[in-house]
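Okay, here's what each chain looks like letter by letter:
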Amino acid sequence: MAYNYMTQAGYDKLIAEINELESVHRPEISRQIAEARDKGDLSENAEYDAAKEAQGLLEGKIAQLKAQVANARIIDESKISTDSIQILSKVTIRNTKTGAELTYTLVSDTEANLKEKKISVNTPIAKGLMGRKVGDVVEVQTPGGLLNFEILNISI
């Protein structure tokens, strides 16, 4: 069984999403099913079929989120070293070809969000950076081609 490493904030966000799905969306879908059932013949009731399908999708989503929570391991950010790159490291890198500087935080798959500059530790760039130190030049094979980065800074 694979663990799902995450921050306390990421864990709290998952719990809040599960609670919302169970306490808001689940009763709403149950109400829709009841309304559709009251309209008569279920064999030709498109509203009933749609509501039952929505219920199945919702229950699948809830089960998926609960599995993520069950396998969650909370990372204590105070114990993370900045000597080398690891999960939750905030890394500033420079593309050696273009000179462009980028800063990313390496997070679990569930917390990845490019708009917030958080990339999954399972992306090609993050995999290439893991374990490296400031000053290292890293060659990373991405779907877009080969990239070279110099590691400028590591922080939390």
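None of these values were measured; they are calculated from a predicted model.

## Quick look at the pattern of salt bridges
Then comes step 1: Taken as a whole and assessed by the stated rule, the structure comprises eight salt bridges.
Then comes step 2: One salt bridge connects Glu22 with Lys66, and the closest N-O pair in it is separated by 2.7 Å. Of the two residues, Glu22 is situated in helix α1 (residues 8-38) and Lys66 in helix α2 (residues 46-70); the sequence distance between them amounts to 44 residues.
Then comes step 3: Taking the relative accessible area as the measure of exposure, Lys66 reaches 41% and is therefore partly exposed.
Then comes step 4: Linking Arg31 and Glu28 is a salt bridge whose minimum nitrogen-to-oxygen distance equals 2.2 Å.

## Thoughts on the domain arrangement of the protein
Then comes step 1: On domain assignment, one finds that the protein holds domain 1 (2-72) and domain 2 (76-153).
Then comes step 2: Domain 1 and domain 2 are separated by 35 Å when their C-alpha centres are compared.
Then comes step 3: Listed per partner, the contact involves six residues of domain 1 and six residues of domain 2.
Then comes step 4: Summing the contributions of domain 1 and of domain 2, the shared interface buries around 480 Å²; its carbon and sulfur component is 59%.
Then comes step 5: Of all residues in domain 1, the largest losses of buried area upon contact with domain 2 belong to Tyr5, Met6 and Thr7, amounting jointly to 68% of the total for that side.
Then comes step 6: With three residues, strand β1 (residues 4-6) is the largest single contributor of residues to the side of domain 1 that touches domain 2.
Then comes step 7: Class assignment of the residues belonging to the side of domain 1 that touches domain 2 gives a composition of two nonpolar, four polar and no charged.

## Some words on the packing of α1 against α2
Then comes step 1: At their nearest, the axes of α1 and α2 sit 9 Å apart, and the two run at 160° to each other. Here α1 lies roughly antiparallel to α2, going by the angle between them. The hand of the α1/α2 crossing is left-handed.
Then comes step 2: Of the residues contributing to the contact of α1 with α2, the split by class is 15 nonpolar, four polar and nine charged.

## Some remarks on α2
Then comes step 1: Over its 25 residues, α2 extends 36 Å from the first C-alpha to the last, a length consistent with the 36 Å expected when each residue adds 1.5 Å.
Then comes step 2: Listed in full, the buried residues belonging to α2 are Tyr48, Ala51, Leu58, Ile62, Leu65, Gln68 and Val69.
Then comes step 3: Where α2 is buried, its residues touch β1, α1 and β2 (72-74).

## Overview of the layout of surface pockets
Then comes step 1: Looking at the largest pocket, its volume works out to about 390 Å³.
Then comes step 2: Residue lining of the largest pocket: 22 residues in total, with Gly10, Lys13, Thr110, Glu111 and Lys118 positioned closest to the centre.
Then comes step 3: Mapped by element, the contributors of at least two residues to the lining of the largest pocket are α1, α2 and β4 (101-107).
Then comes step 4: Top element by residues in the lining of the largest pocket is α1. It accounts for five residues.
Then comes step 5: Tallied by class, the residues present in the lining of the largest pocket amount to seven nonpolar, seven polar and eight charged.
Then comes step 6: For the lining of the largest pocket, the two domains that each supply at least three residues are domain 1 (2-72) and domain 2 (76-153).

Calculation criteria
Residues numbered from 1 in each chain as written. Predicted model: local features only at pLDDT ≥ 70, side-chain atom pairs only at ≥ 80, totals over all residues. Heavy atoms only, no water. Salt bridge = Lys/Arg side-chain N within 4 Å of Asp/Glu carboxyl O. Helix = DSSP H or I, 4+ residues; strand = E, 2+ residues; numbered from the N terminus. Buried < 20%, exposed > 50% of the residue type's maximum accessible area, 1.4 Å probe, protein only. Domains from an automatic or database assignment. Contact = heavy atoms within 4.5 Å. Buried area = accessible area lost by both parts, 1.4 Å probe. Nonpolar A, V, L, I, M, F, W, Y, C, P; charged D, E, K, R; others polar. Axes fitted to C-alpha atoms, helices over the stretch in contact; angles between N-to-C directions. Parallel < 35°, antiparallel > 145°, perpendicular 65-115°, else oblique. Left-handed = near helix turned anticlockwise from the far one by under 90°. Expected span 1.5 Å × (residues − 1). 1 Å grid on protein atoms, 1.4 Å probe; cavity = no way out; pocket = protein on both sides within 12 Å on 5 of 7 lines; lining within 4 Å. Points joined across faces, edges and corners; volume = space filled by probe spheres on them.

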